[in-house]
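In case you want the letters, here they are:
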Amino acid sequence: MRTIVILISGRGSNMQAIIQAAQNEKWPVKIAAVISNRADASGLHHATAQGIPAIVVPHKDYTTREAFDAALQSRIDEFAPDLVVLAGFMRVLTARFVAQYAGRMLNIHPSLLPSFIGLATHRQALAAGVKIHGATVHFVTADLDHGPIVAQATVPVLPDDTEETLAARVLEQEHLIYPQAVRSFIEGRLSLIDGIACIAIDKVELPVQ
Ligand code: GRF
């Protein structure tokens, strides 16, 4: 049985997709806690409804990024998680914090990295005129939105798309690839080896020579 802690800042739809998949597919996992940096994150209600401890560590209570990250780390480490899952967690993390969870912290970003890092990714995609957009699951490193890529999904950008319609199309894909990536980690098939995200596939029978 593996333990995960999920960090959110808002609605938590990716968190819900992960919780749902874990239940439906009976993953060998305990979702030990959901932690938000904002007390008004609506995803906290869903966690509570599922019987998962919902914890708030308000970033506004800390004067420095370092102090907030230290407080966050101590709450996370109470649960000794095998994996930390960032699911719409909208804080830039310090290198020191990230180093604590090297190879065991995942994020989802709503673009095809390395394109469109940071915020307003759908607006960036529309402004750039790309015809294909998407989402990326990656290991978290100190370099914002640049960690080793685990999985990506693509969607078309349609001529009449707005930020909202494009975001909704991407989000559907996020809800598919993020649970799959987390499941791969839980089952020991996903790991970070020499800075590269490696996913083991089923053993294949090689043809006899
Ligand atoms: C998602 O699009 C995620 O990729 C991005 O923020 C959004 C969070 O949505 N980092 P939710 O809170 O998971 O519903």
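A quick note: this is a predicted structure, and the numbers were derived from the prediction, not measured. (Residues numbered from 1 in each chain as written. Predicted model: local features only at pLDDT ≥ 70, side-chain atom pairs only at ≥ 80, totals over all residues. Heavy atoms only, no water.)

1. Observations regarding helix α5 (residues 121-128)
A turn of α-helix holds 3.6 residues, and therefore any two residues three or four places apart point the same way. Put simply, the rule is: Three exposure classes are used, based on accessible area relative to the maximum for each residue type with a 1.4 Å probe and protein chains only: buried under 20%, partly exposed in between, and exposed over 50%. Runs of H or I in DSSP of at least four residues are treated as helices and runs of E of at least two as strands, each being numbered from the N terminus. Note that the arc is computed from the directions linking the helix axis to the C-beta atoms. We call two residues contacting when some pair of their heavy atoms lies within 4.5 Å.
Residues of α5 that are buried: T121, H122 and A125. Relative to the axis of α5, the buried residues are bounded by an arc of 100° and lie together on one face. Next to the buried residues of α5 lie β5 (105-109), β6 (132-139) and α6 (163-186). Backbone geometry just downstream of α5 places G129 in the positive-phi region, at approximately 75°.

2. Regarding helix α1 (residues 13-24)
Which entries qualify depends on this criterion: What a helix is expected to span follows from its residue count: subtract one and scale by 1.5 Å.
Along its 12 residues, α1 runs 16 Å from first to last C-alpha, staying within 8% of the 16 Å computed at 1.5 Å per residue. Considered for burial, the residues of α1 that qualify are S13, N14, M15, A17, I18, I19, A21 and A22. Buried positions along α1 lie against β1 (2-8), β2 (29-36), α2 (43-49), β4 (83-86), β5 and α6. Positive phi appears at K26, one or two residues downstream of α1, with a value of about 50°.

3. Some details on the sheet that holds β2
Within a sheet, adjacent strands bond to each other through the backbone by hydrogen bonds, running parallel or antiparallel. To be explicit about the condition: Pairs of strands are assigned from DSSP output, requiring at least two bridges between the strands. Fitting a line to C-alpha atoms yields each axis, with helices limited to the stretch in contact; the angle taken between N-to-C directions then spans 0 to 180 degrees.
Taking strand neighbours across the sheet as the criterion, the seven strands line up as β3-β2-β1-β4-β5-β6-β7 in an open arrangement whose pairing is mixed. Lying at the two open borders of the sheet, with one neighbouring strand each, are β3 (54-56) and β7 (149-156). Each strand axis lies, on average, 20° off the axis of its neighbour in the sheet, ignoring direction. Strand direction decides the pairing type here: β5 and β6, joined by four bridges, are antiparallel. Paired with H109 across the strands is T136, a residue of β6. Seen against the sheet, α1 touches β1, β2, β4 and β5 and runs at an angle of roughly 160° to β1.

4. A word on the packing of α1 against α6
As a reminder, the rule being used: Roughly parallel means an angle under 35 degrees; roughly antiparallel means over 145; roughly perpendicular covers 65 to 115; every other angle is labelled oblique. We call a crossing left-handed when the near helix sits turned anticlockwise from the far one by less than a right angle, and right-handed when that turn is clockwise. For this classification, Asp, Glu, Lys and Arg are treated as charged, while Ala, Val, Leu, Ile, Met, Phe, Trp, Tyr, Cys and Pro are nonpolar and the rest, including Gly, are polar.
Where α1 contacts α6, the axes come no closer than 9 Å and their chain directions differ by 50°. Put simply, α1 runs oblique to α6. For the element pair α1 and α6, the recorded crossing hand is right-handed. Residue-level inspection shows S13, N14, A17, I18 and A21 of α1 in contact with α6, the latter providing L171, E174, H175, Y178, P179 and V182. Per-class residue counts for the contact of α1 with α6 are seven nonpolar, three polar and one charged.

5. Regarding the pattern of salt bridges
Note the cut-off: Basic side-chain nitrogens of Lys or Arg form a salt bridge, by our definition, when they fall within 4 Å of a carboxyl oxygen of Asp or Glu.
Inspection of the entire model under this criterion finds seven salt bridges. R75 is the salt-bridge partner of E78, the closest N and O atoms lying 2.7 Å from each other. Accessibility expressed as a relative area gives 30% for R75, which makes it partly exposed. The residue R189 makes a salt bridge to E187 at a minimum N-O spacing of 2.7 Å. The exposure class assigned to R189 is partly exposed, which follows from its relative accessible area of 27%. Residue E187 is classed as partly exposed on the basis of its relative accessible area of 33%.

6. Remarks on the pairing of β6
Within β6, seven of the eight residues are buried, which leaves the element mostly enclosed by the surrounding structure. Here β6 pairs with β7 via seven bridges, running antiparallel. Bridge pairing links G134 to T154 in β7.

7. Focus on the environment of A135
Summarising the element assignment, A135 is placed in strand β6. Spatially, the C-alpha atoms of A135 and G51 are 29 Å apart, while their sequence positions differ by 84 residues. Apart from residues no more than four positions distant in its own chain, A135 is found in contact with H109, P110, S111, L112, A151, Q152, A153, V170, E174 and I177.

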